[in-house]
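Notes for the structure review
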Amino acid sequence: MSKKNVNRPITVRFSTSDYNRIVHEAEQKNESVAEHIRTIISANDEQLSLDQRFVDLERRITNRMFSIVCAVANLSDHEREIARQRLSGGI
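Residues numbered from 1 in each chain as written. Predicted model: local features only at pLDDT ≥ 70, side-chain atom pairs only at ≥ 80, totals over all residues. Heavy atoms only, no water.

Along the backbone of the chain there are 3 helices and 0 strands. A total accessible area of about 8200 Å² is found for the chain, and carbon and sulfur atoms account for 54% of it. Each charge sign in the chain was given a centre, from 14 positive and 13 negative side chains, and these centres are 4 Å apart. (Helix = DSSP H or I, 4+ residues; strand = E, 2+ residues; numbered from the N terminus. Areas by Shrake-Rupley, 256 points an atom, 1.4 Å probe, with all protein chains shown as cover. Lys, Arg positive; Asp, Glu negative; His and termini not counted. Charge placed at Lys NZ, Arg CZ, Asp CG, Glu CD.)

Moving on, we get to the pattern of salt bridges. Here the structure, examined in full by the defined rule, presents 4 salt bridges. Between Asp18 and Arg21 there is a salt bridge, and its shortest N-O distance comes to 3.6 Å. Residue Asp18 and its partner Arg21 are located together in helix α1 (residues 16-28), separated by 3 residues, close to a single helical turn. Owing to a relative accessible area of 44%, Arg21 belongs among the partly exposed residues under this scheme. A salt bridge links Arg21 to Glu25; the nearest nitrogen and oxygen atoms lie 3.5 Å apart. Remark: Glu25 and Arg21 occur in helix α1; sequence separation between them is 4 residues, near one turn of the helix. One network of salt bridges, in which partners are shared, links Asp18, Arg21 and Glu25. (Salt bridge = Lys/Arg side-chain N within 4 Å of Asp/Glu carboxyl O. Buried < 20%, exposed > 50% of the residue type's maximum accessible area, 1.4 Å probe, protein only.)

Where α1 contacts helix α2 (residues 33-72), the axes come no closer than 9 Å and their chain directions differ by 95°. Taken together, the axis directions place α1 and α2 in an arrangement best described as roughly perpendicular. Contacts from Ile22, Val23, Glu25 and Ala26 of α1 reach α2 at Val33, His36, Ile37 and Ile40. Here the contact of α1 with α2 is built from residues that sort into 6 nonpolar, 1 polar and 1 charged. (Axes fitted to C-alpha atoms, helices over the stretch in contact; angles between N-to-C directions. Parallel < 35°, antiparallel > 145°, perpendicular 65-115°, else oblique. Contact = heavy atoms within 4.5 Å. Nonpolar A, V, L, I, M, F, W, Y, C, P; charged D, E, K, R; others polar.)

We now examine the packing of α2 against helix α3 (residues 77-87). The N-to-C vectors of α2 and α3 enclose an angle of 140°; their axes lie 11 Å apart at closest approach. Accordingly, the angle class assigned to the pair α2 and α3 is oblique. Considering only the axes of α2 and α3, their crossing is right-handed. Along the contact surface, α2 presents Asn63, Phe66, Ser67 and Cys70, while α3 presents Arg80, Ala83, Arg84 and Leu87. Taken together, the residues of the contact of α2 with α3 sort by class into 4 nonpolar, 2 polar and 2 charged. (Left-handed = near helix turned anticlockwise from the far one by under 90°.)

This part takes up unusual backbone geometry. Negative phi characterises most residues that are not glycine, and trans characterises most peptide bonds. Although it is not a glycine, Asn30 sits at a positive phi angle of roughly 55°. Examined against the element boundaries, Asn30 turns out to sit in the loop between α1 and α2. Asn30 sits in the exposed class, given a relative accessible area of 73%. Positive phi, normally seen in glycine, also occurs at Asn74, with a value near 55°. When you line up the elements, Asn74 lands in the loop between α2 and α3. Of the residues examined, Asn74 reaches a relative accessible area of 65% and is grouped as exposed.

See below:
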């Protein structure tokens, strides 16, 4: 992150153990504590994005598997809707 984009301070209080861990990790990576915290926040944002992508992928796979099972079971559209409602807790 370039210095020109870094202009808004935030004060955060950490427990002594968390503070020492953050300082130690920053030293190991040869980063300032502030840059290390920015890296942690950025990594967290990326993880949240990945988590959402996995949820979306799981939903697509589940829908496809449902369609396959319905086709193999030769369910009518009505039976298929009943099965979908049961799986959703509707009936």
